[in-house]
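A structural walkthrough
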Amino acid sequence: MEKMVGQRKEKVVILGGGIAGIAASYYLKEQGIKSVILERSNCDGGLCGSFEIDGFWFDYGGHASFTKDEEVRHILEKDVNIQKGISSAINYDKGRWIKHPVQNNLAALPTSEKIRIISDMVNRNDNGVYRNYKEWLVSKYGRYFAENFPCKYTRKYWTTDAENLETKWIGPRMYTPTLEEVLYGAFETDTTPVHYSGELRYPIKGGFKRFLDKFSSDYNMEFNQEITQINAGEKYVETNGIEKIYYDYLISTLPLDKTGQLFIGAPNKVIEACENLKHTSLVLVSLGIKGEIEIPDAFYVYDEDIIVSRGYSTSKFGRENAPEGNSTLQLEVYFSPFKPLTESIEEIKRKVIEQCMEMKVIKKEDILVSDVRLIEYANVIFTQGIYDNREVVHAYLNNSNVYYAGRFADWDYLWVDQTILSAKKVVNNLVARINLDKK
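Reading the values: the criteria
- Counting restarts for each chain, with residues numbered from 1 along the sequence as it is written.
- Only residues with pLDDT of at least 70 get local features here, since the model is predicted, and only at 80 or more are side-chain atom pairs given and counted; chain-wide, interface and lining totals rely on the full set of residues.
- With hydrogens and water stripped out, all remaining heavy atoms of the structure feed into the side-chain values.
- Salt-bridge detection follows one rule: a side-chain nitrogen of Lys or Arg within 4 Å of a carboxyl oxygen of Asp or Glu.
- In DSSP terms, a helix is any run of H or I states spanning at least four residues, a strand is any run of E spanning at least two, and both are numbered starting from the N terminus.
- Burial classification: accessible surface area is computed with a 1.4 Å probe over protein chains only, and a residue below 20% of its type maximum counts as buried, one above 50% as exposed, and the rest as partly exposed.
- Surface patches are drawn from residues lacking salt bridges whose relative accessible area is over 30%; two like charges belong together within 9 Å, two nonpolar side chains (Val, Leu, Ile, Met, Phe, Trp, Tyr) within 5 Å.
- Here the open area of atoms and residues is found with the Shrake-Rupley method and a 1.4 Å probe, where only the protein chains shown may cover a residue.
- Any two strands between which DSSP finds at least two bridges are classified as paired.
- Here an axis means a line fitted to C-alpha atoms, over the contact stretch when the element is a helix, while the angle between two N-to-C directions is reported on a 0 to 180 degree scale.
- Contacts are assigned to residue pairs with any non-hydrogen atoms lying within 4.5 Å of each other.
- Points on a 1 Å grid, built from protein atoms alone, make a cavity when a 1.4 Å probe fits but cannot get out and make a pocket when they are open with protein on both sides within 12 Å along at least 5 of 7 lines; residues with an atom within 4 Å of a point are the lining residues.
- Grid points are joined across faces, edges and corners, and a volume is the space filled by probe spheres set on the points.
- Side-chain classes are defined by residue name, with Ala, Val, Leu, Ile, Met, Phe, Trp, Tyr, Cys and Pro counting as nonpolar, Asp, Glu, Lys and Arg as charged, and the others, Gly among them, as polar.
- What sets the label is the angle itself: under 35 degrees gives roughly parallel, over 145 gives roughly antiparallel, 65 to 115 gives roughly perpendicular, and the rest give oblique.
- The sense of a crossing depends on the near helix, which, turned anticlockwise from the far helix by less than a right angle, makes the crossing left-handed and, turned clockwise, makes it right-handed.
- Two rings from Phe, Tyr or Trp (for Trp, the six-membered ring) form a pair when their centres are within 6.5 Å of each other. A pair whose planes differ by under 30 degrees is stacked, one over 60 is edge-to-face, and the rest are tilted.
- For a ring to carry a charge above it, either NZ of a lysine or CZ of an arginine must fall within 6 Å of the ring centroid while also lying within 35 degrees of the normal to the ring plane.

1. Observations concerning the pattern of salt bridges
All chains considered together, the criterion is met by 33 salt bridges. Between Asp93 and Lys152 there is a salt bridge; the shortest N-O distance is 3.2 Å. With a gap of 59 residues between them, Asp93 in strand E6 (residues 90-93) and Lys152 in helix H6 (residues 150-157) connect regions that are remote in the sequence. Here the two residues Asp93 and Lys152 agree in accessibility, since each one is buried. In this structure, the salt-bridge partner of Glu332 is Arg310, at a minimum N-O distance of 2.4 Å.

2. Details of a nonpolar patch on the surface
A cluster of nonpolar residues, Val122, Leu179, Leu183 and Phe187, forms a patch on the protein surface that exposes about 390 Å² of accessible area. If one sorts the elements of the nonpolar patch by residue count, helix H7 (residues 179-187) sits on top with three residues. Within the secondary structure, Val122 is located in helix H3 (residues 111-123). On the accessibility criterion, Val122 (49% relative accessible area) is partly exposed.

3. Structural notes on the sheet that holds strand E16 (residues 327-335)
Taking strand neighbours across the sheet as the criterion, the seven strands line up as E7-E6-E14-E15-E16-E13-E17 in an open arrangement whose pairing is mixed. Of all strands in the sheet, those bounded by a partner on one side alone are strand E7 (96-99) and strand E17 (367-380). Averaged over neighbouring strand pairs, the angle between their axes works out to 20° when direction is ignored. Along the sheet, helix H12 (residues 345-358) contacts strand E13 (279-289), E16 and E17; its crossing angle with E17, the most-contacted strand, is approximately 115°.

4. Focus on empty space enclosed by the protein
Inspection of every chain in the model, using the stated rule, returns one cavity of 30 Å³ or more. The computed volume of the largest cavity comes to approximately 70 Å³. Ile230, Ser252, Leu254, Pro255, Leu256, Lys258, Thr259, Leu262, Phe263, Leu397 and Ala409 together form the lining of the largest cavity. Residue composition of the lining of the largest cavity, grouped by class: eight nonpolar, two polar and one charged.

5. Digging into the packing of helix H1 (residues 19-30) against helix H15 (residues 416-438)
Interhelical geometry of H1 versus H15 gives an angle of 45° and a closest axis separation of 8 Å. Here H15 runs oblique to H1, going by the angle between their axes. Crossing of H1 against H15: the hand is right-handed. Contact with H1, carried on its side by Ile19, Ala20, Ala23, Ala24, Tyr27 and Leu28, involves Val416, Thr419, Ile420, Ala423, Lys424, Val427 and Leu430 of H15 and no other residues of that element. Taken together, the residues of the contact of H1 with H15 break down into 11 nonpolar, one polar and one charged.

6. Overview of the packing of aromatic side chains
Scanning all chains against the criterion turns up 32 aromatic pairs. Judged by centre distance (5.9 Å) and plane angle (80°), the ring pair of Tyr153 and Tyr300 falls under edge-to-face. Of the two residues, Tyr153 is situated in helix H6 and Tyr300 in strand E14 (residues 298-301); the sequence distance between them amounts to 147 residues. Between Tyr236 and Tyr246, the aromatic rings sit 5.2 Å apart at their centres with planes inclined by 55°, giving tilted as the arrangement. Of the two residues, Tyr236 is situated in strand E11 (residues 236-239) and Tyr246 in strand E12 (residues 243-252); the sequence distance between them amounts to 10 residues. It is Arg173 that lies over the ring of Trp415; its NZ or CZ is 4.4 Å from the centre. One residue, Lys235, lies across the ring of Tyr249, its end atom 5.8 Å from the ring centre.

Keep in mind that these numbers describe shape and distance, not what the molecule does.
Listed below in C-alpha cells is the structure:
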C-alpha cells in the first residue's frame, strides 16, 4: 500500500474539471478568489470536451449552443467564429427516413399506419395525471404511436422501459403537436421546425470545446488527480491515495452517486440512496469520412435491433471540423445497470460501422478515421424515487458544508447553460459564506 507522500492547504478546492468545475473557477476568479481544480483525467471539459484526430474534430457527446441567457451566451460565444443553423434532424425506422419529430411528420409512413396513429391521437384521454413516462406518452400521442416510436427509443437511450421513468424531466424536450399540425404533417413535408433548441450555434473549427476558451483561460487545474477519499470533518481530500489536500471550502462537481463511497463516515442511508441513483454510460464511436455524408446534422434510430441510438456530425455543425471536402460522424450506444455492456467497445465499434453501412449512412471504403471511447457518465436516469434519493445525498453534502454544481452533482438533466448557471449560483452562495466567515 502506498504511503502518503505529502499534504498542502488550498483556500477553495474544486473537484472535477468539466464545464461546471471550470465555470466555478471562472466565477470565483471574477470575485478575486483563488481556487484549484482537481481533474481525474489528463484533459479538461468533461462531456463538453473535444478531441482531434488527423484534422477531424469530435466531441464527447452531441452539443451545440442554443442558450437564450445573454450572459452565458456572451461568455461562450464572444470571439468565437460561429456557424449558425436550425436543427435538421431526421429519424430512421424500419428502413425509412422520417423528418424530426416524427409526431409532426407522418408523411413518410404508409397510409394504414397514419390512420392508426391519428385515430389514437384523436381518441386519447389526457387527464393530466401520469404515474410514469409511459402514461405521459400514451396520453399525449395515443397508444400506437407511443409504443412504436418513443417507447422504443426510450429503451435505447434511457436503457429502461418508459414505465420505469418519472416525468418531471420532460419539459420542452418532447413536443406535443396540435391535431392540425399532425394532419398537415401527414400529407406535406414542408413542416415548420419545432425543435426546442431553436437556432443552433457551433464553432466553425475546434469542436464544442472551443466555446470553453474564455472559461478555461488562466485556471489552476491539476490533471491525473483521482479523488480517493474525502474527509469533510477534517476538511481534506485525498488524491491518488498518496496526498492530502486540505481546504477551507469545497465545491464538488463529482457524480452524486459516488458520495457514499468517497466520504469517510457517510451514513448507511446516504450509501443506500447513492446506490438507488442510476445513470447511463456511453460508447462513443467517431468516424472521419471521405467526402460529404448525406445525412443532416443529426439523426435518431428507433429500430431496437440497431444498437446506435443517435448520430451527429460536428462538420455539419461547423464546416471546418473536418478537412476540406470530408465529414465527421459520431454515433452513440448507451448502456447501464438496466442494460449492461456485454461486449468490448471494439466489438461495438465494428457493429456500429456495419449497421451504419446497412442503413446506407456510410460506405466502408470512405472511412478515413475510426475511434471508440467509453464514457462512464452520460445521463442521469429519472427512475421512480430519484428525487427522494437525491434529497438524502444533497442534505448530507449540505450538512457537511460541501457545495455542489453541475449535471451529475445536481443529479439533473442540465443543458450546458443550465450547468454554467448552476456553478454561478454555487459560487455566489460560497462568496456570501466567505464574507460571513470574515466577520
